[in-house]
Each structure stands twice: as C-alpha cells, then as structure tokens.
Amino acid sequence: MQNRVKSVRKELGLSQENFGNRIGVSRDVIVNIELGRAALKPRLLKHICEVFGINEEWLQTGNGEMFLPVSDEMQLRQIMTEIAVSDDDLIKKIIQSYWKLDDKEKALLRKMVDSLLQ
C-alpha cells in the first residue's frame, strides 16, 4: 500500500509536505508511510480517498482505477479543501462575505457575475 500512497502523491504532483498538509498530517507521517515504517490507518486511508477522489479499493489492493469519477460535489469539496489550506486570504474573504449575504443580495451578485462572464 505504501507504494500506492506514493503513486497518488506523485500523480497529483505534490511534495510529501504538501500532500500531508492537504490531509492534516505532517511530512514525517507521509515519509514513514511511504517507507513502510508506519501502517496507513483506516481513518487516514479513507480521508486520503475523500480529499483526493481516490478509489479506496485501489488504494488498499491495487485493483481498479486510481481515481474515482469526479462528481460536481466531489470537485467542489476538493476545491474547498484546497482553499482552506491555502494562503489565499482574498478567496477566503470573498467566500465568507458571499455566504453572509441574504438571498436577494446573492441573487444580485450572481446576476452581475453572469453578466461579466458573458
């Protein structure tokens, strides 16, 4: 399984530190898992699969495809996770401010954004 964790990380183009940050563990934890010094605990295995859209069966056994088909909901979760751990305070402020708007204000803002995108 340690080789598959490393394969996921490399496929995503992440360093051990960045990979660990995205799932809430230190670089040392990732190093130890990849070197086989520590077992991948079930809870962390599931979290890796949720955060990166990995097929749990593939991660455990090597059977099937590495990545699950990505639904819109899963893609949104991945984006929100990336934003949460990023240093981009502007996007965090934009999302928080939007979420505090009432329904009429949100509708007006959506209309303005739709106009800009056209």
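Everything below is about the structure shown above.
Residues numbered from 1 in each chain as written. Predicted model: local features only at pLDDT ≥ 70, side-chain atom pairs only at ≥ 80, totals over all residues. Heavy atoms only, no water.

## Notes on the side chain of R22
(1) Moving on: Along the chain, R22 falls in helix α2 (residues 16-23).
(2) Moving on: The exposure class of R22 is buried, given its relative accessible area of 16%.
(3) Moving on: A distance of 3.4 Å separates a polar atom in the side chain of R22 from a polar atom in the side chain of E82.
(4) Moving on: If we skip the residues at most four places from it in the chain, R22 touches L14, V51, F52, T81, E82 and V85. (Helix = DSSP H or I, 4+ residues; strand = E, 2+ residues; numbered from the N terminus. Buried < 20%, exposed > 50% of the residue type's maximum accessible area, 1.4 Å probe, protein only. Polar contact = N/O pair within 3.5 Å; in protein donor to acceptor, adjacent residues only side chain to side chain. Contact = heavy atoms within 4.5 Å.)

## Quick notes on helix α1 (residues 2-11)
(1) Moving on: Those residues of α1 that fall on the buried side of the exposure criterion are R4, V5, V8 and R9. The buried residues of α1 all sit within an arc of 140 degrees when viewed along its axis, so they share a single face. Away from its buried face, by an angle of more than 90 degrees, α1 presents the exposed residues N3, K10 and E11.
(2) Moving on: Against the buried residues of α1 lie α2, α3 (27-34) and α5 (56-61).
(3) Moving on: A positive phi of about 70 degrees marks G13, the residue just after α1. (Arc of directions from axis to C-beta.)

## Observations regarding the nonpolar core
(1) Moving on: Among the nonpolar cores identified, the biggest contains 18 residues, and F19, I23, L40, I48, F52, I54 and L59 are the most heavily contacted of them.
(2) Moving on: Among the secondary structure elements, those contributing two or more residues to this core are α1, α2, α3, α4 (42-52) and α5.
(3) Moving on: Among the elements that take part in this core, α4 stands out by supplying six residues, more than any other.
(4) Moving on: Here I54 is in contact with V8, I48, C49, L59, M66, F67 and L68, once residues within four sequence places are set aside. (Core = buried A, V, L, I, M, F, W, Y, C linked by side-chain atoms within 4.5 Å.)

## Some thoughts on the environment of L12
(1) Moving on: By the secondary structure assignment, L12 is in the loop between α1 and α2.
(2) Moving on: Classification of L12 as partly exposed rests on a relative accessible area of 30%.
(3) Moving on: Beyond its immediate stretch of four places on either side in the chain, L12 contacts F19, F52 and F67.

## Comments concerning the packing of α2 against α3
(1) Moving on: α3 packs onto α2 with a crossing angle of 110 degrees between their chain directions and a minimal axis gap of 8 Å. Put simply, α2 runs roughly perpendicular to α3. The segment α2 lies against α3, with Q16, E17, F19, G20 and I23 engaging R27, I30, V31 and E34.
(2) Moving on: Its residues assigned to classes, the contact of α2 with α3 comprises four nonpolar, two polar and three charged. (Axes fitted to C-alpha atoms, helices over the stretch in contact; angles between N-to-C directions. Parallel < 35°, antiparallel > 145°, perpendicular 65-115°, else oblique. Nonpolar A, V, L, I, M, F, W, Y, C, P; charged D, E, K, R; others polar.)

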